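Survey of secondary and tertiary structure
Listed below, chain by chain, are the residues.
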Amino acid sequence: MSHNDSLFARAQRSTPGGVNSPVRAFRSVGGTPRFITRAEGPYFWDADGKRYIDYIGSWGPAIVGHAHPEVIKAVQAAAANGLSFGAPTEGEILMAEEICKLVPSIEMVRLVSSGTEAAMSALRLARGVTGRDTVIKFEGCYHGHADSMLVKAGSGLLTFGNPTSSGVPADFAKHTMVLDYNDSAQLEDAFHQMGDRIAAVIVEPVAGNMNLLRATSEFLQTMRRLCTQHGAVLMFDEVMSGFRVALGGAQSLYGIQPDMTVLGKVIGGGLPVAAFGGRADMMKHLAPLGSVYQAGTLSGNPVAVAAGMSTLKIIQQPGFYEKLGTQTRKLVDGLSAAAKDVGEAFSADAIGGMFGIYFSEHVPENYAQIMAGNKERFNQFFHAMLDDGVYLAPSAFEAGFVSAMHSDAVIDETISVARSAFAKLHS
Ligand SMILES: *Cc1c(COP(=O)(O)O)cnc(C)c1O
């Protein structure tokens, strides 16, 4: 029995499913999850001492590579001064100023500890500001696991959502309407029928939780126009895309200003920091200034903020995103070429340091096309890659992440592993 196997057996006795977040359990791809002992640059090592090239990067945060010396130094220095005070620090001001500088649509920001918390708080604020209850989200987008976001589309178009989790009251789900991503006509319809009841539209402007899916520019522009016309809050959930697809997030790529933005992942550099922010007139409704309550014992934690700040400094170095984009593009082009050589139905896409691979002929343009991909094929490919030391996200419906430490040699090694993986699929 490997160390991973015995740790997994043990973990399942004290923790449901043996993991603290479900996708880690490998349920979708089968097999034993790897228990990680340490990470450095583009690599991590499991409990059996095996090294992997990591394409999850902690699901996004590890954009500068694991255990970056500057980040570790900043964390150690902060930790030496005490771990948490429950009183404000200058570091939180610096972090807020940095976020407002890098994402101009954010005039004021509040720090929290997880993306879930950030999205949940931002939606409460949007409801408080507008005095309306209904929120629109899109099928396949993930906004954390607050009750009102664990919903799927109802039985007909433009009906209210049904819970996707036990424990979510139908009475909560009924305030969320779930529409199709990239379907502008449907969104027009929804606003036409009930525009005066919609508090907010929340969207991943580059979706990364149903694999990578680009919004069309027209879709986001329609959303912007409708929200403005009807007095609804346009909320970009950039927990994943923020500082990942570009320094200014997806909103800088599309040139669209949301009213509010939700951030997480990269901004904590691997420690728990998330944030929500936007128009100052809206943010001023938050406690202690306004009537919308929100709070957190560990919000703006000094050690976490130190990790986040040093990460935000590194990503502003000249050429950082050019290099990240080039390496990610090199990876997906190499994978596509390797698939083509064996006649595998495969496509891939990349934006900044984020990529998607699809076992389908063409890059999907909507949720239905993503769901139609060949999941069995992905699972075989995933395990062939894993066996040879390349760690992809353990699900056909997750995006991949490249760090600044994924050098040419690392990408080349990945592509050569992929060549033999595709060959295995065709043997
Ligand atoms: C990861 C993610 C979240 C949730 O963040 P957590 O820190 O896991 O709670 C919310 N929205 C998006 C777009 C995400 O990718």
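Residues numbered from 1 in each chain as written. Predicted model: local features only at pLDDT ≥ 70, side-chain atom pairs only at ≥ 80, totals over all residues. Heavy atoms only, no water.

1. Thoughts on the nonpolar core
Applicable threshold: Among the buried residues, those of types Ala, Val, Leu, Ile, Met, Phe, Trp, Tyr and Cys that are joined through side-chain atoms within 4.5 Å form a nonpolar core. Relative accessibility under 20% of the residue-type maximum defines a buried residue, over 50% an exposed one, and the middle range a partly exposed one, all with a 1.4 Å probe and only protein chains included. Every residue pair with non-hydrogen atoms within 4.5 Å of one another is taken to be in contact.
Ranked by internal contacts, the top residues of the largest apolar core, which has 108 residues, are Tyr55, Ile99, Ile136, Phe138, Tyr181, Phe243 and Phe381. Once residues lying within four places of it in the same chain are set aside, the contact partners of Tyr55 are Leu331, Phe355, Val390, Tyr391, Leu392, Gly400, Phe401, Val402, His406, Val410, Ile411 and Thr414. In this structure, Ala119, Ala126, Ala274 and Met282 belong to the second largest nonpolar core, which totals 22 residues.

2. Digging into the side chain of His143
Inclusion rule: Secondary structure follows DSSP: runs of H or I at least 4 residues long count as helices, runs of E at least 2 residues long count as strands, and numbering of each begins at the N terminus. The term polar contact refers here to a pair of N or O atoms within 3.5 Å; inside protein, the definition further demands a hydrogen-donor-capable atom paired with an acceptor-capable atom, and it admits residues adjacent in sequence only when both atoms are side-chain atoms.
Take His143: it is sitting in the loop between strand 5 (134-138) and strand 6 (151-152). His143 sits in the buried class, given a relative accessible area of 2%. In this structure the side chain of His143 is engaged in a polar contact, spanning 2.8 Å, whose partner is the side chain of Asp237.

3. Some thoughts on the site of the ligand
Which entries qualify depends on this criterion: Only a single heavy atom is needed: when it lies within 4 Å of a molecule or strand, its residue is near that molecule or strand.
Taken together, Ser114, Gly115, Thr116, Tyr142, His143, Gly144, Glu204, Asn209, Asp237, Val239, Met240 and Lys265 make up the full set of residues near the ligand. Here an oxygen atom of the ligand sits 3.0 Å away from a polar atom, N or O, in the side chain of Asn209. Contact between the ligand and Lys265: an oxygen atom at 2.6 Å from a side-chain N or O atom of the residue.

4. Observations regarding the pairing of strand 9 (residues 198-203)
As a reminder of what qualifies: A pair of strands is considered paired only if DSSP assigns at least 2 bridges between the two.
Of all six residues making up strand 9, six are buried, and the element is well covered by its neighbours. The sheet contact formed by strand 5 and strand 9 spans three bridges and is parallel. Bridged to Thr134 within strand 9 is Ile198. Strand direction decides the pairing type here: strand 9 and strand 12 (residues 233-237), joined by four bridges, are parallel. Across the sheet, residue Val203 finds its bridge partner in strand 12, namely Phe236.

5. Side note on the pattern of salt bridges
Test applied: Criterion for a salt bridge: a side-chain nitrogen of Lys or Arg within 4 Å of a carboxyl oxygen of Asp or Glu.
For the structure shown, the criterion picks out 17 salt bridges. Across the pair Asp349 and Arg329 runs a salt bridge, and its minimum N-O distance is 3.7 Å. Of this pair, Asp349 sits in strand 15 (residues 347-351) while Arg329 sits in helix 11 (residues 320-342), and the two are 20 residues apart along the sequence. The class for Asp349 is buried, based on a relative accessible area of 9%. Judged by relative accessible area, which is 33%, Arg329 ranks as partly exposed. Because the salt bridges share partners, they merge into one network encompassing Arg214, Arg329, Asp333 and Asp349.

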